[in-house]
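Tertiary structure, described
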Amino acid sequence: MASWNSTPMEVTYEVLGWIAFVSWSISFCPQVILNFRRNSVVGLNFDFVILNLTKHSSYLIYNATLYFSSAVQKQYFHKYGSKQMIPVAANDVAFSSHAVLLTALVLIQIAIYERGNQKVSKISIGIVVAVWLSAAVCFFIALSNHSWLWLICVFNLIQVCMTAIKYIPQAIMNFMWKSTDGYSIGNILLDFTGGLTNYAQMAVQSIDQHLDIVQPPVHVSTFPTVSCQESTANSPNGSTSEERTGAMGKSPDHHHPVQPEVV
């Protein structure tokens, strides 16, 4: 597998990765705390929440499968070469699991707290249903010829698409209400910070490995990202990739990124 050519580059990559990891990990907390303090979810758009849950669920499927499945890893190396680093590390799996749990917690808050006359729109329900039905169809297609790498890339593509659209309902509601009451700006600032440092990681890795910067990382929640193609960068041994789909560590048994994103 590929290894780092420059120790300073590797250290920089690790530091940026930890910043992205911490930023993304705690980005869910401000909204949960705000909902709890207000005992209300009025002002938080429910479409954003279900689209976000779909995004992180797809991201978790991608990360966990590529990280734990030897069959998928074998297909990955066959396609991209044995010298490539797998674009997912343990911290990516941990982050996506954390994201799914906290987003699910927000859904619970929506169910028990004051929500006024807000509800999930039919458009968002339709999008989510269409996405998971499409994923089910892709599963049966992959099942026939064991194209598992292709299947998880489909899930990564789903998370990228969800990343691109999930903030739209909240932005529209803020504009119509002329208010951001009920929606935590901390979430946006931390998500944005994670996205910027993740892009910086990609640049550092590309410079060190002499790669072209072709694709953005897979988890950039505030921006669309990509996965499953050659040349991409992801999070380090202790960071995550997020909307960067993977992360790579410093040692050969860690992994290099590649994606079709999309945090």
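Residues numbered from 1 in each chain as written. Predicted model: local features only at pLDDT ≥ 70, side-chain atom pairs only at ≥ 80, totals over all residues. Heavy atoms only, no water.

**Digging into the packing of helix α3 (residues 46–68) against helix α4 (residues 70–80)**
Cut-off, in case you're wondering: In this description, a line fitted to the C-alpha atoms serves as the axis of each element, helices being fitted only across the stretch in contact, and the angle between N-to-C directions of two axes falls anywhere from 0 to 180 degrees. Helix and strand definitions follow DSSP, with helices as H or I runs of at least four residues and strands as E runs of at least two, each counted in order from the N terminus. Should an angle fall under 35 degrees it is taken as roughly parallel, and over 145 as roughly antiparallel, whereas 65 to 115 is taken as roughly perpendicular and any remaining angle as oblique. A contact between two residues is defined here by any heavy atoms of the two lying within 4.5 Å. Three classes are used: nonpolar for Ala, Val, Leu, Ile, Met, Phe, Trp, Tyr, Cys and Pro, charged for Asp, Glu, Lys and Arg, and polar for all others, with Gly counted as polar.
Where α3 meets α4, the axes come as close as 5 Å, and the angle between the chain directions of the two elements is 85°. For the element pair α3 / α4, the angle class is roughly perpendicular. When α3 is examined against α4, the residues Thr-65, Leu-66, Tyr-67 and Phe-68 are found in contact with a partner set consisting of Ser-70, Val-72, Gln-73 and Tyr-76. Of the residues that constitute the contact of α3 with α4, the class distribution is 5 nonpolar, 3 polar and no charged.

**Thoughts on α3**
Under the convention used in this document: To estimate how far a helix should extend, the number of its residues minus one is multiplied by 1.5 Å. Each polar contact in these results corresponds to two N or O atoms within 3.5 Å; when the atoms are within protein, one needs to be able to donate a hydrogen and the other to accept it, and residues that are neighboring in sequence are counted only if both atoms are side-chain atoms.
Taking 1.5 Å as the rise per residue, α3 with 23 residues should run 33 Å; its terminal C-alpha atoms sit 33 Å apart, in good agreement. Measuring from the side-chain oxygen of the N-cap residue of α3 to the backbone nitrogen of Asp-47 gives 2.9 Å; that N-cap residue is Asn-45.

**What about the confidence of the model for the protein?**
Under the convention used in this document: One number per residue, pLDDT, summarises how confident the predictor is, and it ranges from 0 to 100.
Taken residue by residue, the protein gives an average pLDDT of 81. The fraction at 70 or more is 79%. When the criterion is pLDDT under 50, residues 213–217 qualifies, and its contacts beyond four places in sequence or with other chains add up to 29 contacts. This stretch, residues 229–263, has a pLDDT under 50; its non-local contacts, to residues over four places away or in other chains, come to 253 contacts.

**Remarks on the environment of Ser-121**
Secondary-structure assignment places Ser-121 in the loop between α5 (90–112) and α6 (122–145). Distance in space between the C-alpha atoms of Ser-121 and Asn-45 is 9.8 Å, their sequence separation being 76 residues. Side chain to side chain, Ser-121 and Asp-47 meet in a polar contact 2.7 Å long. A distance of 3.2 Å separates a polar side-chain atom of Ser-121 from the backbone nitrogen of Ser-124.

**Digging into a nonpolar patch on the surface**
Test applied: Residues enter patches when their relative accessible area tops 30% and they take part in no salt bridge; the joining distance is 9 Å for like charges and 5 Å for the nonpolar side chains Val, Leu, Ile, Met, Phe, Trp and Tyr. All accessibility values rest on the Shrake-Rupley procedure with a 1.4 Å probe; residue burial counts only the protein chains present in the view. When a carboxyl oxygen of Asp or Glu lies within 4 Å of a side-chain nitrogen of Lys or Arg, that pair is called a salt bridge.
Judged by side-chain polarity, Ile-168, Ile-172, Phe-175, Met-176 and Trp-177 come together as a nonpolar surface patch covering roughly 570 Å² of accessible area. Locating Trp-177 in the fold gives a position in helix α8 (residues 168–177).

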